[in-house]
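Summary of the model geometry
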Amino acid sequence: MLRILRVMCVGFFLMGFSCPTGATDWVFKGQPKDGSEHYQSPEARDAAGAQRLKLLGDCDKMMQVLAVPGHEKSSMDPSMKRSALLGLNSCGLLYGVSHQQEKAGLCLNKALELAQSLGDTAEQARILNNLGIVHALWGQFAIALNLHRRSLSVGKGTPDYQGRATSYNQIGQVFMFMGEYRKASDALKKSLALREKASDSVQTCLTLDNLGQLNEAWGDYDKAREYYRQALELKRKLGLTGGETASYVRLGRVCKLAGKDPDALRFFQEGLKLCTKHGYPTDLVIDEIGHLYLDRGDMKNAEEYIKRAGFWQSLGRLYLMKADLSAAERNYVKLRNYSEPRRMLDYLCTAHTGLGLIRERKGDLQAAAKDYRTAIEYIESIRLGLSRPERAEFFNVQLGGFFRTAPYEGLARVLIKMNKPEEAFRESEFTKARAFSEGLSRRSENATMALPENLMAADAALNQQLAATTRALHTAYEQDDRKSIAVLEPQVRAAKDKLAAHVASLRARFPLFAATRYPEPMNLDRTALTDDERVLAYDVTDTGIISYLLKGKEIVKAAFKPVTRSEVDSLVRRYREPLEIDSTDSSTAKLRSFNFAAGKRLSDILLQDITPDLPKNAHVIVVPDDSLAVLPFEMLVLNDRGIVTTDGATPVITGAEFFGDRNPLSYYQSVTALTLARTLRRQRKPSGRFLAMVDPIFSTDDPRLVRISRKKKEKLLATLPIEILMSIRKQTGITFPRLPLTGELGENLKKTDPEGTDLYEGLHAGKKILVAKDLTAYGSLLLATHGYFGNSLPGIREPVLVLTLLDEGEDDDGFLRLSEVMGLKMNCDIAALTACQTGLGRRVFGEGTMGMGRAFQYAGARSVLMSLWSVSESASVDLVESFFRHIREGKSKLDALRLARDEIREAGYDHPFFWAPFILVGEVE
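Thresholds applied
- Residues numbered from 1 in each chain as written.
- Predicted model: local features only at pLDDT ≥ 70, side-chain atom pairs only at ≥ 80, totals over all residues.
- Heavy atoms only, no water.
- Helix = DSSP H or I, 4+ residues; strand = E, 2+ residues; numbered from the N terminus.
- Contact = heavy atoms within 4.5 Å.
- Areas by Shrake-Rupley, 256 points an atom, 1.4 Å probe, with all protein chains shown as cover.
- Phe/Tyr/Trp six-rings, centres within 6.5 Å; stacked < 30°, edge-to-face > 60°.
- Buried < 20%, exposed > 50% of the residue type's maximum accessible area, 1.4 Å probe, protein only.
- Pairing = 2+ DSSP bridges.
- Axes fitted to C-alpha atoms, helices over the stretch in contact; angles between N-to-C directions.
- Core = buried A, V, L, I, M, F, W, Y, C linked by side-chain atoms within 4.5 Å.
- Patch = residues over 30% accessible without salt bridge, like charges linked within 9 Å, V, L, I, M, F, W, Y side chains within 5 Å.
- Salt bridge = Lys/Arg side-chain N within 4 Å of Asp/Glu carboxyl O.
- Lys, Arg positive; Asp, Glu negative; His and termini not counted.
- Charge placed at Lys NZ, Arg CZ, Asp CG, Glu CD.
- Expected span 1.5 Å × (residues − 1).
- Parallel < 35°, antiparallel > 145°, perpendicular 65-115°, else oblique.
- Left-handed = near helix turned anticlockwise from the far one by under 90°.
- Polar contact = N/O pair within 3.5 Å; in protein donor to acceptor, adjacent residues only side chain to side chain.
- pLDDT = per-residue confidence, 0-100.
- Nonpolar A, V, L, I, M, F, W, Y, C, P; charged D, E, K, R; others polar.

**As for the overall build of the protein**
In terms of helices and strands, the protein carries 38 helices and 18 strands. Pairs at least 24 apart in sequence give 71% of the contacts found in the protein among residues at least 6 apart. Surface summary for the protein: the accessible area is close to 36500 Å², and the carbon and sulfur share equals 51%.

As structure tokens, then:
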């Protein structure tokens, strides 16, 4: 038994059970290239597989020895117990990472019994930690957390700082996998403090890197960069040159994500110098530099580096961008042929997406459709192996230069070109539904989506288990580990069957949740559109825009325009820019610069093919996509005669015909969302009560804080999320100025119905008060505050409404997240979100706008009135007041909005800045 134990300890060291700060800690996975080279060559892979099988064989022998009479716990002397304990611990870990769950549990639990019989608390803590590690590998996160906490409790009275640090580190990792970033950060910081107390600099590097990765995933790139920088300095002092190289690559990556390309290039080049100096592989760093140049459109430098690296997927992207389709095809075919027998899913997805694009450009639409469908199959397989936070960014991740949406969009494009509009529309709709579903993975830790807590926990656990086993199976295939494949395939099938049964139960008991979380493709004949309803839907893809005009359940017209996503983004940005006014701008000068040319160009792209088949004055439901969701279609310009006149104090527009003057418009996130809202959300008749939250407090210098006592003020200021606000301002340029006119709006609305209106303002306009109320008692809801509908807020990563940022007695940051809205229960006819803003960062991102509207509908609102840029002018506040006045007079929501706009325009505020930002999402009657 001792010989087996010695062999196993050496084997574990060789297999990498050591600190990952060495020479190759950043080279986790090679890429196929000419000559079929891999950083892990087939020979090295086979050798590792043989070593693993040998170790498993030794484990089996040890288990047989321990099963022989005479090896019972009571009959062993202390030295034999300790030997058996160490062997069982090692065997348990190896069985665990091999997903042999029964054997792993048997070994580790026997080891724990032996440690308890020896009274060795430090060893008990380590074994409990190992049990936690393997349960986390199996996707059993709740069990893993409990075991790591038991490890902390057992080791609390010992001087084993490293053991406790390891427990906190593992707890942090589990919380990170679960998407609970605050808890992950707290645990990792505790681990870091203990590492430093134990003076273990190598493990301190590891924890700093973990904190960097956490903040990178959290979207706080500045903080991630700082942790990576600290790790770099410490590795340099320790002489860990390989780890130093890894830090440079991580710093380059996070700078690239933050849009700081010059810094990214500098860090990648420093990493390249170190690799060259110490003889480490350079290809991956060279490839990173090449892709950075490709992203910037610097083809000359990109070609130099991409060719030096020599990776097929990168060469395919290079030649595709150069329009050398033959060369691109050769490289993608090599990538596909190499990856297929190894089931390397990332590369297979890239290869088939690239081949689909090439064949689409060549006009071979059947072959293109086949490649796109194959890429989608591989993407779906990848998705099953992702954790919740990874799924939140599922469609925002690039593989080989392609976003994961590329094959879905490509398939819809090809189907349109093949004159199959119904099939194309089905794919477009399903992609929207899936993107929204995956975005819900960003949900707040307290969000329930109105599902019972036990079912929400079961839903998370089943998905975690499927993800863990699927990911392990993918790895086993890539490593050609036949023994692990034989173990894992039944586990994956069982996990899929359990999840399928769970989803079937949800569809019967909680159909709205099931249809939202687990959407299914919807044919037109299953939609809830009435015969006389018209829908104008869009699908923005990298190479063009698809437009659909529907009347009832039939497609009247479908068109494709070869206008790139980047051109559309640029036009939307240019058209909106004069309407985004902050305190530093001259509002008059900005309004005078209204961009008629950009508006007309957008109108030509979006409406020119459609309007001949669209009767004037017919109500149209607009389903936008991507950046189009931050564009009020009402202000699209239909002619070339518009001018800005400045005779009065306020610039107005004359001569222009706007789309909103031709047709009344409302919006939905998708036709699928419309159908779910109409068929699955059963509402009682709304009450006449009105809830308004206005003029929240956003800063420490708000004059209203003067009115409260010094002691209470200090307590309130301590709750202000200064760190989050600083990160938001630094990384997005967004601030939250006070909105005093919304206070007047609230007072005026209350005057019209004092008994039926509950008004909260200032300190009382907070999230804690909102979520504690019975919102089903209100027929109308007004949240007059700022909002951000992108997905890049550091530490949040989802659309939010900003309520009072001071909340006494609660650990509450004041940001009402989209996912939290979906956990509310409403029964209102209209929810109005005024004075909101959508930050337009490096990429114009608009899905969050429609997503927030859909979240309120999910919670029970029939319609949502939203503004698409910041509104602080009295005319715009008057528009909202007028809208609610007409609602109380019995007008439909569509008519109320039209009348309110007309009143504002007739009062001299005819510039779109005042009347265009408000759109109606949802039902109009």
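**Section: the packing of aromatic side chains**
Applying the stated rule across the entire model yields 17 aromatic pairs. Ring geometry for Trp312 and Tyr338: centres 5.9 Å apart, planes at 65 degrees, overall edge-to-face. Highlighted residues: Trp312 in helix α15 (residues 312-321) and Tyr338 in helix α16 (residues 325-339), separated in sequence by 26 residues. As far as burial versus exposure is concerned, Trp312 and Tyr338 are alike and both buried.

**Focus: the side chain of His474**
Within the secondary structure layout, His474 lies in helix α22 (residues 453-478). His474 has contacts with Leu345, Ser381 and Ile382, leaving out every residue within four places of it along the chain.

**Focus on the environment of Ser98**
Locating Ser98 in the fold gives a position in the loop between α3 (78-97) and α4 (101-118). Along the primary structure Ser98 and Val134 are separated by 36 residues, whereas in three dimensions their C-alpha atoms are 9.5 Å apart.

**Brief notes about the side chain of Asn210**
On the secondary structure map, Asn210 appears in helix α9 (residues 201-218). Not counting residues within four places of it along the chain, the set of residues in contact with Asn210 comprises Asn169, Gln173 and Leu188.

**Focus: the sheet that holds strand β15 (residues 815-817)**
Read across the open sheet, the three strands follow the order β13-β14-β15; overall the sheet is antiparallel. Here the strands that pair on one side only, and so sit at the sheet edges, are β13 (786-788) and β15. If you compare each strand with its neighbour and ignore which way they point, the axes differ by 25 degrees on average. Pairing geometry for strand β14 (residues 800-802) and β15, over three bridges, is antiparallel. Paired with Val802 across the two strands is Phe815, which belongs to β15.

**Observations concerning the nonpolar core**
Ranked by internal contacts, the top residues of the largest apolar core, which has 126 residues, are Leu606, Phe633, Leu782 and Phe856. When residues of this core are assigned to their parent elements, the largest contribution, eight residues, is made by α22. Apart from the residues lying within four places of it in its own chain, the contact partners of Phe856 are Leu781, Leu783, Leu801, Val821, Met826, Ala831, Leu833, Ala861 and Val864. Counting 85 residues, the second largest nonpolar core, distinct from the first, contains Leu232, Phe267, Ile376 and Ala424.

**So, the pairing of strand β17 (residues 863-867)**
Of all five residues making up β17, five are buried, and the element is well covered by its neighbours. Every second residue of β17 is oriented toward a common face, with Ser863, Leu865 and Ser867 on one face and Val864 and Met866 on the other, all of them buried. In this structure, strand β16 (residues 830-834) lies alongside β17, joined through three bridges in parallel fashion. When the bridges of β17 are listed, Ala832 appears paired with Leu865.

**Structural notes on a negative patch on the surface**
A contiguous patch of negative charge on the surface is contributed by Glu422, Asp531, Asp532 and Glu554. With respect to the helices and strands, the residue Glu554 is situated in strand β5 (residues 554-561).

**With respect to helix α21 (residues 421-439)**
With 19 residues, α21 should cover 27 Å at 1.5 Å per step; its first-to-last C-alpha distance of 27 Å lies within 8% of that length. Of all 19 residues in α21, 15 are buried, a share of seventy percent or more.

**Looking at the pattern of salt bridges**
According to the stated counting rule, one finds 55 salt bridges in the structure shown. One salt bridge in this structure joins Arg678 and Glu923, with 3.1 Å as the shortest N-O distance. On the criterion of sequence distance, the pair formed by Arg678 in helix α29 (residues 671-679) and Glu923 in the segment after β18 (918-922) is long-range, its members being 245 residues apart. For Arg678, a relative accessible area of 23% corresponds to the partly exposed category. For Asp758, the salt bridge is made with Arg689, and the minimal N-O distance between the two is 2.8 Å. Placement of Asp758 in strand β11 (residues 757-762) and of Arg689 in the loop between α29 and β10 (690-696) is noted, with a sequence separation of 69 residues between them. Overall, Arg689 belongs to the partly exposed group, its relative accessible area being 29%. Several salt bridges converge on common partners, so that one network encompasses Glu329, Arg359, Lys362 and Asp371.

**Side note on the packing of helix α7 (residues 161-178) against helix α8 (residues 181-197)**
Relative orientation and spacing of two packed helices are given, respectively, by the angle between their axes and the distance between those axes. The interhelical angle for the contact between α7 and α8, taken along N-to-C directions, is 160 degrees, at an axis separation of 8 Å. By the angle class used here, α7 and α8 are roughly antiparallel. The handedness of the crossing between α7 and α8 is left-handed. Where α7 approaches α8, its residues Tyr161, Gln162, Arg164, Ala165, Thr166, Tyr168, Asn169, Ile171, Gly172, Gln173, Phe175 and Met176 are matched on the opposing element by Tyr181, Lys183, Ala184, Ala187, Leu188, Lys190, Ser191, Leu194, Arg195 and Lys197.

**A word on the pairing of β16**
Successive side chains on a regular strand alternate, one facing one side of the sheet and the next facing the other. Summarising burial for β16: five of the five residues are buried, a large majority. The alternating pattern of β16 places Ile830, Ala832 and Thr834 on one face and Ala831 and Leu833 on the opposite face, and all of these are buried. Pairing between strand β12 (residues 780-784) and β16: five bridges, direction parallel. Its bridge partner being in β16, Ser780 is matched across the sheet by Ile830.

**With respect to the environment of Asp263**
Its location among the elements puts Asp263 in helix α12 (residues 261-278). On the accessibility criterion, Asp263 (21% relative accessible area) is partly exposed. Distance in space between the C-alpha atoms of Asp263 and Leu251 is 8.6 Å, their sequence separation being twelve residues. Apart from residues no more than four positions distant in its own chain, Asp263 is found in contact with Arg225 and Cys255. At a separation of 3.1 Å, a polar atom in the side chain of Asp263 contacts the side chain of Arg225.

**Remarks on α7**
An ideal rise of 1.5 Å per residue puts 26 Å on 18 residues; α7 measures up with 26 Å between its terminal C-alpha atoms. Burial within α7 is extensive, with 13 of its 18 residues counted as buried. Note on α7: the residue one or two positions beyond its end, Gly179, has a positive phi of about 85 degrees.

**What to know about the confidence of the model for the protein**
Predicted coordinates in regions of low pLDDT should not be interpreted in detail. Of all residues in the protein, 85% attain a pLDDT of 70 or more, and the chain-wide mean is 85. Averaged pLDDT values over the elements of the protein bottom out at 39 in helix α1 (residues 2-14) and peak at 97 in strand β9 (residues 665-667). Residue range residues 35-41 is modelled with pLDDT below 50. Its contacts to residues more than four positions away, or to other chains, number 17 contacts. A low-confidence stretch, residues 838-844 stays under pLDDT 50, and its non-local contacts, those more than four residues away or across chains, total 29 contacts.

**Here we look at unusual backbone geometry**
The general pattern is negative phi for most residues beyond glycine and trans for most peptide bonds. Positive phi values are uncommon outside glycine, yet Ser199 reaches one of about 55 degrees. Tracing the backbone through its elements, the reader meets Ser199 in the loop between α8 and α9. Ser199 sits in the exposed class, given a relative accessible area of 62%. At Asp695, a position not held by glycine, the phi torsion is positive, near 45 degrees. Tracing the backbone through its elements, the reader meets Asp695 in strand β10. Assessed through its relative accessible area of 3%, Asp695 is described here as buried.

**Some details on the packing of helix α17 (residues 345-362) against helix α20 (residues 406-417)**
Remark: α17 packs on α20, axes separated minimally by 10 Å, with the N-to-C direction vectors making an angle of 25 degrees. Considering the angle they form, α17 stands roughly parallel to α20. Handedness of the crossing formed by α17 with α20: left-handed. Residue-level inspection shows Thr353, Leu357 and Glu360 of α17 in contact with α20, the latter providing Ala406, Pro407, Arg413, Val414 and Lys417. For the contact of α17 with α20, the per-class residue count stands at four nonpolar, one polar and three charged.

**Observations regarding the environment of Arg373**
With respect to the helices and strands, Arg373 occurs in helix α18 (residues 365-384). Through-space distance from the C-alpha of Arg373 to that of Pro407 is 7.2 Å; in sequence the pair is 34 residues apart. If we skip the residues at most four places from it in the chain, Arg373 touches Leu411, Leu415 and Glu423.

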